[in-house]
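# Observations on the three-dimensional arrangement
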Amino acid sequence: MKQKFKVALAQISCQRGDKKANIQKIEAYTENARQQNADLVIFPELSLTGYVVRDELYELAEPVPGPSTAAIEKIAKQHGVYIVFGMPELSEKAQATLYNTAVLVGPKGFVGKYRKMHLPTHSVFEEKRYFRPGYQTGVFDTELGKIGLIICYDIFFPEVSRLTRLEGAQLIVCISASPAVRRVFFEILTAARAIENTAFLAYVNLVGIENGLQFWGGSRLIGPNGRALSIAKYDEEDLVIGEVDYSDIKPVEAFVPTLRDLRPELFDKIKENAEKL
Amino acid sequence: MKLTQQVLDLNWEEVKTKITRFIRDYVEKANANGIVLGLSGGVDSSTAAALSALAIGGSKVLGLMLPEKETYNPLDIKHAKLVAEKFGIKTETIDITSTLEALQKSIPIFDLKDKLSKGNLKARTRMLYLYYYANKLNLIVCGSSDKSEVMIGYFTKWGDAAADIAPLMDLYKTQVRKLARHVGVPDEIVDKPPSPMLWPGQTAEEEIGLKYEILDLVLYGLEHFMKTEQIAEELGLPKDLVEKVKKRWKAMEHKRRLPLTTKLQYRTVGFDFRIPLP
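No experiment lies behind these values; they were computed from the predicted model shown.

### Focus: the interface of chain B and chain A
At the interface, 14 residues of chain B touch 16 residues of chain A. Area buried by chain B at its contact with chain A is led by Arg21(B), Arg274(B) and Pro276(B), which between them contribute 48% of it. Run the count over chain B and chain A and you get 3 salt bridges. The partner of Arg267(B) in a salt bridge is Asp55(A), with the nearest N and O atoms 3.0 Å apart.

### Regarding unusual backbone geometry
Cis geometry is found at the peptide bond from Val64(A) to Pro65(A), where omega equals 0 degrees. Examined against the element boundaries, Pro65(A) turns out to sit in the loop between α2 (57-60) and α3 (67-79). Here Arg54(A), not a glycine, exhibits a phi torsion of approximately 50 degrees, which is positive. Here Arg54(A) is to be found in the loop between β2 (38-42) and α2. In this structure Arg54(A) comes out as buried when scored by relative accessible area, which is 19%. Although it is not a glycine, Trp158(B) adopts a positive phi angle of roughly 60 degrees. Turning to its location among the elements, Trp158(B) is positioned in the loop between α6 (147-152) and α7 (173-183). Judged by its relative accessible area of 47%, Trp158(B) falls in the partly exposed class.

### Points about the packing of aromatic side chains
For the structure shown, the criterion picks out 14 aromatic pairs over all chains. Consider the rings of Phe22(B) and Tyr26(B), whose centres lie 6.5 Å apart with planes at 50 degrees: the pair is tilted. Taken as a pair, Phe22(B) and Tyr26(B) lie in helix α1 (residues 12-29) at a separation of 4 residues, close to a single helical turn. For the pair Phe22(B) and Tyr26(B), one class covers both residues: buried. Note that Arg115(A) overlies the ring of Tyr99(A), its terminal NZ or CZ placed 3.6 Å from the centroid. The aromatic ring of Tyr234(A) is capped on one face by Arg183(A), whose charged end is 3.9 Å from the ring centroid.

### Examining the state of the cysteines
Residue and element names in this part refer to chain A. Taken as a whole and judged by the stated rule, the model has 0 disulfides over all chains. Here Cys152 is not cross-linked by a disulfide; its sulfur's nearest cysteine counterpart is in Cys174, at 6.3 Å. The class for Cys152 is buried, based on a relative accessible area of 6%.

### So, the packing of helix α2 (residues 43-56) of chain B against α7(B)
To describe two helices that pack against each other, one gives the angle between their axes and the distance between the axes. Residues and elements named next belong to chain B. Orientation of α2 relative to α7, taken along the N-to-C sense of each, is 45 degrees, at an axis distance of 10 Å. Taken together, the axes of α2 and α7 are oblique relative to one another. The two elements α2 and α7 cross, and the hand of that crossing is left-handed. Contact residues: α2 offers Val43, Asp44, Thr47, Ala50, Leu51 and Leu54, while α7 offers Lys173, Val176, Arg177, Leu179, Ala180 and Val183. Here the residues of the contact of α2 with α7 sort into 8 nonpolar, 1 polar and 3 charged.

### Section: the packing of helix α10 (residues 212-223) of chain B against helix α12 (residues 239-251) of chain B
All names here are of chain B. Running from amino to carboxyl end, α10 crosses α12 at an angle of 65 degrees, the nearest separation of the two axes being 10 Å. In terms of orientation, α10 and α12 fall into the roughly perpendicular class. You can see that α10 and α12 cross each other, and the crossing is right-handed. Every residue of α12 that contacts α10 at Leu215, Val218, Leu219 and Leu222 is listed here: Val242, Val245, Lys246 and Trp249. Split into classes, the residues belonging to the contact of α10 with α12 amount to 7 nonpolar, no polar and 1 charged.

### Remarks on the sheet that holds strand β9 (residues 200-205) of chain A
All names here are of chain A. Read across the open sheet, the 6 strands follow the order β6-β7-β8-β9-β12-β13; overall the sheet is mixed. The two strands at the open ends of the sheet, each matched to only one other strand, are β6 (138-142) and β13 (228-231). Here the average twist between neighbouring strands, direction ignored, is 20 degrees.

### Overview of a nonpolar patch on the surface
All names here are of chain B. Residues Leu258, Val269, Phe273 and Ile275 make up a contiguous nonpolar surface patch of roughly 400 Å² in combined accessible area. Along the polypeptide, Ile275 turns up in the segment after α12. Residue Ile275 is classed as exposed on the basis of its relative accessible area, which comes to 56%.

### Remarks on the pattern of salt bridges
All names here are of chain B. Scanning the model with the defined rule gives 48 salt bridges over all chains in all. In this structure, the salt-bridge partner of Lys173 is Glu149, at a minimum N-O distance of 3.2 Å. Of this pair, Lys173 sits in helix α7 while Glu149 sits in helix α6, placing them 24 residues apart in sequence. We note that Lys173, like Glu149, is buried. Overlapping salt bridges bring together Asp44, Asp146, Glu149 and Lys173 as one network.

### Details of the nonpolar core
All names here are of chain A. Leu40, Ile42, Leu149, Leu171 and Val173 are the most contacted members of the largest nonpolar core, which has 41 residues in total. Not counting residues up to four positions away in its chain, the partners in contact with Leu171 are Phe5, Leu40, Lys146, Ile147, Gly148, Phe200, Leu201, Ala202, Val244 and Tyr246. Counting residues in each nonpolar core, the second largest holds 40 residues, with Ile12, Leu46, Val64 and Leu90 among its members.

### Quick word on the pairing of strand β3 (residues 82-90) of chain A
All names here are of chain A. Most of β3 is tucked away, with 9 of its 9 residues classed as buried. Inspection of the sheet shows β2 paired to β3 by 3 bridges, in the parallel sense. From the neighbouring strand, Leu40 faces β3, where its bridge partner is Tyr82.

Thresholds, definitions, all that
Throughout, a residue's number is its position along its own chain's written sequence, starting from 1. Ligands are numbered from 1 and chains lettered from A, in the order in which they are written. Under the rules for a predicted model, residues below a pLDDT of 70 receive no local features and side-chain atom pairs below 80 are neither given nor counted, while totals for whole chains, interfaces and linings still include all residues. For the side-chain quantities, the full set of heavy atoms in the structure was used; hydrogens and water were omitted. Between two residues, a contact is recorded if the distance between any of their heavy atoms is within 4.5 Å. Joining two parts hides part of their accessible area as seen by a 1.4 Å probe, and the buried area is that hidden amount summed over both. For this document, the term salt bridge refers to a Lys or Arg side-chain nitrogen within 4 Å of an Asp or Glu carboxyl oxygen. Helix numbering and strand numbering both begin at the N terminus, where a helix is a DSSP run of H or I of at least 4 residues and a strand a DSSP run of E of at least 2. Three exposure classes are used, based on accessible area relative to the maximum for each residue type with a 1.4 Å probe and protein chains only: buried under 20%, partly exposed in between, and exposed over 50%. Under the pairing criterion, centres of Phe, Tyr and Trp rings, with the six-membered ring standing for Trp, must be within 6.5 Å; the plane angle then separates stacked pairs below 30 degrees from edge-to-face pairs above 60, leaving the rest tilted. Whether a charge lies above a ring is judged from NZ of Lys or CZ of Arg, which has to be within 6 Å of the ring centre and within 35 degrees of the ring normal. Cysteine sulfur atoms are paired as a disulfide whenever they come within 2.5 Å of each other. Axis lines are fitted to C-alpha atoms, over the contacting stretch for helices. Their N-to-C directions set the angle, which ranges from 0 to 180 degrees. In what follows, roughly perpendicular refers to angles from 65 to 115 degrees, roughly parallel to angles under 35, roughly antiparallel to angles over 145, and oblique to any angle outside these ranges. Take the far helix as your reference; a near helix turned counterclockwise from it by less than a right angle gives a left-handed crossing, and one turned clockwise gives a right-handed crossing. When residues are grouped by polarity, Ala, Val, Leu, Ile, Met, Phe, Trp, Tyr, Cys and Pro land in nonpolar, Asp, Glu, Lys and Arg in charged, and all others, Gly among them, in polar. Should DSSP find at least two bridges between two strands, the strands are regarded as paired. What goes into a patch is any residue over 30% in relative accessible area without a salt bridge, connected to like charges within 9 Å or, for nonpolar side chains (Val, Leu, Ile, Met, Phe, Trp, Tyr), within 5 Å. For the area figures, the Shrake-Rupley method with a 1.4 Å probe applies, and any residue is considered shielded solely by the protein chains shown. The set of buried Ala, Val, Leu, Ile, Met, Phe, Trp, Tyr and Cys residues whose side-chain atoms join them within 4.5 Å is what this entry labels a nonpolar core.

So, in structure tokens, the structure goes:
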């Protein structure tokens with residue numbers, strides 16, 4: 001397992017509803033990232049289709065693994081790289097039951113998937129209208145260590161990142177499609193999730209305008225002390241490289257030992273009270 | 001929540017960037033040749049025109065000046081021309097008096113004394129001209145409705161609010177004024193009392209019964225779930241006046257939507273279909 005490697009934050013805008021065009025873009029960005037020696041290339045939430053596709057989701061969703069993941073696996077194999085991207089997933093057992101899914105593929109093909117647990121359905125978001133929430137965390141063993149996947153609004157719920165960390169992830173990948181007014185929340189939460197878990201956190205946001213929503217970009221790799229190691233441009237497509245060095249975790253974990261001080265009994269209390277809220 | 005003018009402050013440079021980016025993106029995705037908008041000489045249309053010009057270049061923006069006899073005011077024309085000149089916008093002036101007269105003559109139940117129905121006819125007539133130019137020249141109609149007017153329904157249904165995009169619709173009137181100054185709309189336009197120009201002497205604030213400085217704070221309070229009692233107390237207003245604004249906001253929803261239908265099948269226009277726009 002590599003202790004030290006480069007991560008590429010591939011902050012793209014999407015051609016809505018055009019999977020072929022988006023796969024081509026994913027390939028071009030992957031090639032570019034690979035030339036800069038990245039071992040992991042991360043694309044935004046629903047980057048296969050664009051975020052605001054609404055009813056078209058029923059036509060665009062595919063099983064995972066499926067034809068589109070196969071296309072991205074091919075790119076990963078060809079370039080010897082891990083890729084995370086987002087897509088609408090169609091349940092294999094149903095015809096119109098969908099998930100908002102993050103997919104991880106690598107040099108040897110399909111690695112795993114994570115189905116978004118927290119589906120925003122307020123303000124401009126209508127995810128529960130289309131998606132069923134996931135029930136499993138997504139933590140996967142790779143040559144880059146254990147990678148935990150979360151999606152956008154999940155970051156407002158510390159439990160999800162916490163769980164991936166407790167399952168061994170030292171790198172949490174958050175793919176996102178966050179429109180402009182929410183920027184301030186994400187800038188704080190990305191750092192908070194990294195600090196409280198003493199983990200690396202790679203946040204990759206969409207850019208472009210979809211249905212009047214302006215996605216703000218600002219993708220970033222955060223170190224375990226909450227410091228941003230690299231930040232992509234706001235509002236524009238960008239590809240930035242950051243370095244993960246797992247040995248940076250130890251001093252922070254000893255300095256602010258949040259994992260040592262974790263109190264499991266509080267989780268029972270949280271459960272009890274959340275049910276009564 | 002404290003209801004002071006400060007709550008309406010935004011980063012105007014950022015707002016300008018977002019709106020111009022939105023306009024540019026929409027025009028590009030629609031493969032349109034540019035934008036057409038009504039240029040009245042008021043602050044809203046001047047700001048919409050200025051932002052359109054900043055977004056796609058003045059040469060791709062056409063401002064239609066559509067005066068008519070009854071509300072004709074040379075100062076408004078002067079202001080419209082001032083903005084057009086400053087932002088390099090093309091203009092065309094069409095006097096719509098004869099069209100209005102023909103319409104009035106052709107409507108068997110036309111009532112000269114019914115100010116409102118007659119006034120709305122003017123707004124809708126202007127819409128016809130804008131959409132003719134849009135169709136003929138492959139242009140996007142840019143509306144200039146602001147959030148204050150749209151929330152209280154102070155506009156003509158299918159009239160001045162009819163447009164393809166409404167880039168100012170998430171800004172209250174007093175915010176539009178601030179943005180207007182920021183982008184360089186001349187002060188004499190920003191400072192004059194707003195009027196929809198449906199009949200002579202009509203001013204928005206007199207008709208609504210509140211200055212926009214106050215109305216905007218009432219609406220901001222409602223937007224942020226404040227109770228009418230709280231808003232009234234904060235602003236030193238009678239509670240029933242705030243209640244009246246709240247009722248008006250809700251009662252005008254029909255103006256902001258597609259016509260309501262009754263649901264008969266699985267997937268219904270207005271209820272079910274959700275198809276993304278560019």
